[in-house]
Amino acid sequence: MNPARAVNTNVNGTTSTGINWRIDGATASNVWMTFWAAFVPGLDAIEIVDVVTNSFDAEQGLAGGAAVNVQIKNGTNVMHGSAFEYHADNRMKARPFFLPVSQQKPKYILNQFGGTVGGPIIRNKLFYFLSYDGSLDRETGGIYTTVPTAAIRSGDMSASNNPIYDPATGNADGTGRTPFPHKIVPQARMEPIVQKIVTTLTPPPMFAGLLTNNFYAAGPVPFTRNIGDAKVSWIATRKLNVTGRVGILNYNSNNPAGWGPQYDNTGPGVPGGLPGPSWGNTINTSVGATYVVSPHFILDGNFGWTSFVSLQEQPNIDKGPLGETLLGIPRSNGSTRLAQGYPGFSVTGYGAFGTGNTGRSYNTPQRNIAANGNWTRGAHNVRFGTEIAKLELNDTEIIAYGQFSFSGGATALNGGPSPNQYNSYADFLLGLPSSISISKDTEDSETTRTRLYSLYLRDQWQVNSKLTVSYGVRWEHFPLGTRANRGMEIYNADTNQMLICGRGNVPTDCGISISNRNFSPRLGLAYRASNTFVIRAGYGLNYEANSFAFVRNAIRNYPVTISNSWTGATSYTPAGLLRDGVPVYPLPDLQCGRRGCAAQCGSPDLPKPVRPGVRSELESHHAEAV
C-alpha cells in the first residue's frame, strides 16, 4: 500500500525503518509500511529538504539512520507561479527483448503535470501558496502463467514420466498403491466441483505444445494520483509568525484479473494473486508558530496530523460467497463483505487461481505536537523542547477465506518417484487437497495504539573561532502499545496460554514494565583547521520511532486472528475432500483473559521482564478453564 510511490531508503547501513520523515514538522511516516513515507508532496512545492545523518543533534530524535524534514514553499509579496508537463509513451521505449516480432509493444502512457502559485493575501501580512501535482498512468500489464493442456484437463496424464497412482489402493501412508491404467484418471472418479472449475473457469493454453508458461494474461493497469498542497503564512505581529498547511493525496488504481470475464459467467474474471480495484487518500496537516520573546529567547511549536486511508477489494466481491453458492464448497467463504468471491486454489506447477488474498482496508491516523525554546547567550546557543506523538493502526485484511493446495502426493507412491505437475493436477481432478487453510478475525479489525514521549536539551558552544562543540541529551519513552479497546496479548510458555491483556483479571499491560531510562547522549565537534579543511567528529545514541512500541508485528496475534491449516498424516495423504470444504473449528471467547494455545498459535513475543509479583499472580490462575 504505497500510493505516494515513496522509495525504500537505507541510510548509513541502517535498516530502512530507521528514517523519520517530517513535512513542516508533521510526522509523515507510513505507520504500517514503516520504511515508506505516507505522503510525498509535489516536487515543485518543496523549498528545502534537510537530511541529517550520523550523530544527530539532540533535537532530532526518533530516527536511526536519518532525520529528514521537508519544508514547503511560502507565498511572498510578489506573485509567482510555475507549470509543468511530463509525457512518456511506448513509442519512446525500447521493445522488450523477448517480445515476438509480430506483437506490438504493450500500451504505456504516462502524463505527469501540475503547477504552483503563491502570493500575498494582505501585503506584508498574510500570504498563500498552492501546489498541484497529477499523475495519469495508463499501461498494460501482463504475466506468463501455466494452465493445463486439453489432455491434462481431461485426465489424460500419459505424457508423464511418472505413473499416476490410485489413492484408493494401497495403505494409508501411500505405500502399496497401484497405478491408474494408461496413466488416465477415470472420468467417474473426478470431483464434480473441480469439473465445474475446469470447464467454466479455466482457460485453454495460448501456446500449443508448451507444458509451462503457456498462457499470457494481460489487461489494463490504470493508476491515477492527485496531490494538492495549500499553505498560509501569517505575520500576526512583530513577534509572532503563524503558518498552516494541508496536503492531500488521492489515488485510485486497478489490478486486472488474469483470466478475464470470458472464463467466468458471474462477472469479472477469476483472479490469481491480489487483483482488484484500490483507492484511498492521505491527508498531511501541520500548524506551526514562532514567537520572539526577546532578541535572545525564541519559542516555536507545531502540531501535525497525518491520516492514511487505503482500501483494496478483490473481483467478484459483490457476487456473494461464490465458493459456497457457485462451487458448492462448504465454509470456503466468510460472513463479512471482504470474504466474498472465490476461495483460493494452488496446484503445484500451475498458476494459482481464485482469490489468493482477500481485500484489505488500512486506516492509520497519527498526531504529533512539539514545543521548543531557543536561548542565545554569548558563545552558547541552548535549545530545549518536548514532543508527544500518538500513532494508530486499524487494519482489516486477513479474514475467513478457504485456501486449497494440491501438491501431487495423493496420486504418488510412497517410496516411488517424486510427484510432478501431472500428479498435482490429478490430485486436483480427484478433489484431494494436500492442505486446507483458513484465517478469521475474531474482532471487527486488528488495531494497535501507541504513544511516544520525548524531551531534549542541547547546547551549541562556540569555543573559539576554530572549534564548535555541540552536546546534549534526549530522553524518550515508549509505553507499551494497546489495542483500541484493551491491551495486547502475550504468550505464557509455562502454561501454554495466551494472556489477553485487559480482559478477565489480566492487567491491561500484562504486567510488562517498559524502561523510563531511554536516554540518548549526543556529542559533536567541528574544528576548522584552515579555510579549506574542517575536521568533524561525533557520537550519538538514537531510538527508532518506527519500532512502534513493540506491537506492530503483534497486530495479528492469536486469538485476534485465528489461522488454521490442516494436512494429512503424511505428504501422501490428503487433508480431506474438497467436497467437504473447510473443517469446522471453534472460535475462542476473548472475555476470560486466557486462551489455551494450539500447536499453530501465532504470537510474536512481547518484551520482558514482567513486573515482580504480577507474573506469579498470572501464573497462579493457570488452572482456569480455557
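Residues numbered from 1 in each chain as written. Predicted model: local features only at pLDDT ≥ 70, side-chain atom pairs only at ≥ 80, totals over all residues. Heavy atoms only, no water.

*Asks:* Before we move on, could you go through the confidence of the model for the chain and cite the residues and values that matter?
*Replies:* With 89% of its residues at a pLDDT of 70 or more, the chain has an overall mean of 85. Considering each helix and strand of the chain separately, the mean pLDDT is smallest for helix α5 (residues 614–619), with a value of 42, and largest for helix α4 (residues 421–430), with 97. Here residues 612–626 scores under 50 on pLDDT; set against residues more than four positions off or in separate chains, the count is 25 contacts. (pLDDT = per-residue confidence, 0-100. Helix = DSSP H or I, 4+ residues; strand = E, 2+ residues; numbered from the N terminus. Contact = heavy atoms within 4.5 Å.)

*Asks:* I'd like to hear about the pattern of salt bridges, residue by residue, with values.
*Replies:* Scanning the model with the defined rule gives 19 salt bridges in all. Here E392 ties to K390 by a salt bridge, and the two come within 3.5 Å at their closest N and O atoms. Note that R486 and E489 form a salt bridge whose closest N and O atoms lie 2.8 Å from each other. Pair check on accessibility: R486 and E489 agree, each one buried. One network of salt bridges, in which partners are shared, links R22, E387, R474 and E476. (Salt bridge = Lys/Arg side-chain N within 4 Å of Asp/Glu carboxyl O. Buried < 20%, exposed > 50% of the residue type's maximum accessible area, 1.4 Å probe, protein only.)

*Asks:* How would you summarise the packing of helix α2 (residues 192–201) against α4 if you had to cite specific residues and measurements?
*Replies:* Packing of α2 against α4 brings their axes to within 7 Å, and their N-to-C directions diverge by 115°. Looking at the two axes, α2 sits roughly perpendicular to α4. Only Y425, F428 and L429 of α4 make contact with α2, whose side of the interface consists of V194, Q195, I197 and V198. Each residue belonging to the contact of α2 with α4 can be placed in one class, and the counts come to 6 nonpolar, 1 polar and no charged. (Axes fitted to C-alpha atoms, helices over the stretch in contact; angles between N-to-C directions. Parallel < 35°, antiparallel > 145°, perpendicular 65-115°, else oblique. Nonpolar A, V, L, I, M, F, W, Y, C, P; charged D, E, K, R; others polar.)

*Asks:* Could you give me a rundown of the sheet that holds strand β25 (residues 561–567), with the residues and numbers involved?
*Replies:* Taken in spatial order, the 5 strands of this open sheet run β14-β13-β17-β18-β25, and their pairing is mixed. The strands lining the two open edges of the sheet, one partner per strand, are β14 (353–354) and β25. Alignment of strand β18 (residues 435–441) against β25, held across 7 bridges, turns out to be antiparallel. Of the residues in β25, the one forming a bridge with I438 is N564. Sheet strands touched by α4: β13 (344–347), β14 and β17 (403–406). Its angle to β13, the strand with the most contacts, is close to 145°. (Pairing = 2+ DSSP bridges.)

*Asks:* Describe in detail the state of the cysteines, supporting the description with residues and values.
*Replies:* Working definition of a disulfide: a covalent bond connecting the sulfur atoms of two cysteines. A complete count under the given rule lists 1 disulfide for this structure. Residue C501 pairs covalently with C510 via a disulfide, S to S 1.7 Å. One disulfide, between C501 and C510, carries an S-S torsion of -95° and so falls in the left-handed class. Residue classification places C501 among the buried positions, given a relative accessible area of 1%. (Disulfide = S-S within 2.5 Å.)

*Asks:* Any chance you could break down the nonpolar core for me, citing the residues and the numbers?
*Replies:* Judged by nonpolar contacts, the single largest core of 41 residues is most densely connected at M157, I197, L327, F345, F404, Y425 and F428. Take this core: its biggest share by element is 6 residues, from α4. Not counting chain neighbours up to four residues away, the residues in contact with F404 comprise I329, S332, P343, G344, F345, S346, P433, S435, I436, L578, G581 and V582. Ranked by size, the runner-up nonpolar core spans 33 residues in total, among them A28, I72, L249 and L393. (Core = buried A, V, L, I, M, F, W, Y, C linked by side-chain atoms within 4.5 Å.)

*Asks:* Please give an account of the sheet that holds strand β4 (residues 66–72) that cites residues and values.
*Replies:* As summarised here, the arrangement of the 4 strands in space is β2-β1-β4-β3, forming an open sheet in which the pairing is mixed. The open sheet has two free edges, formed respectively by β2 (26–27) and β3 (46–53), since each of these has just one partner strand. With 7 bridges joining them, β3 and β4 adopt antiparallel strand pairing. Across the sheet, the residue bridging to V52 is A67, located in β4.

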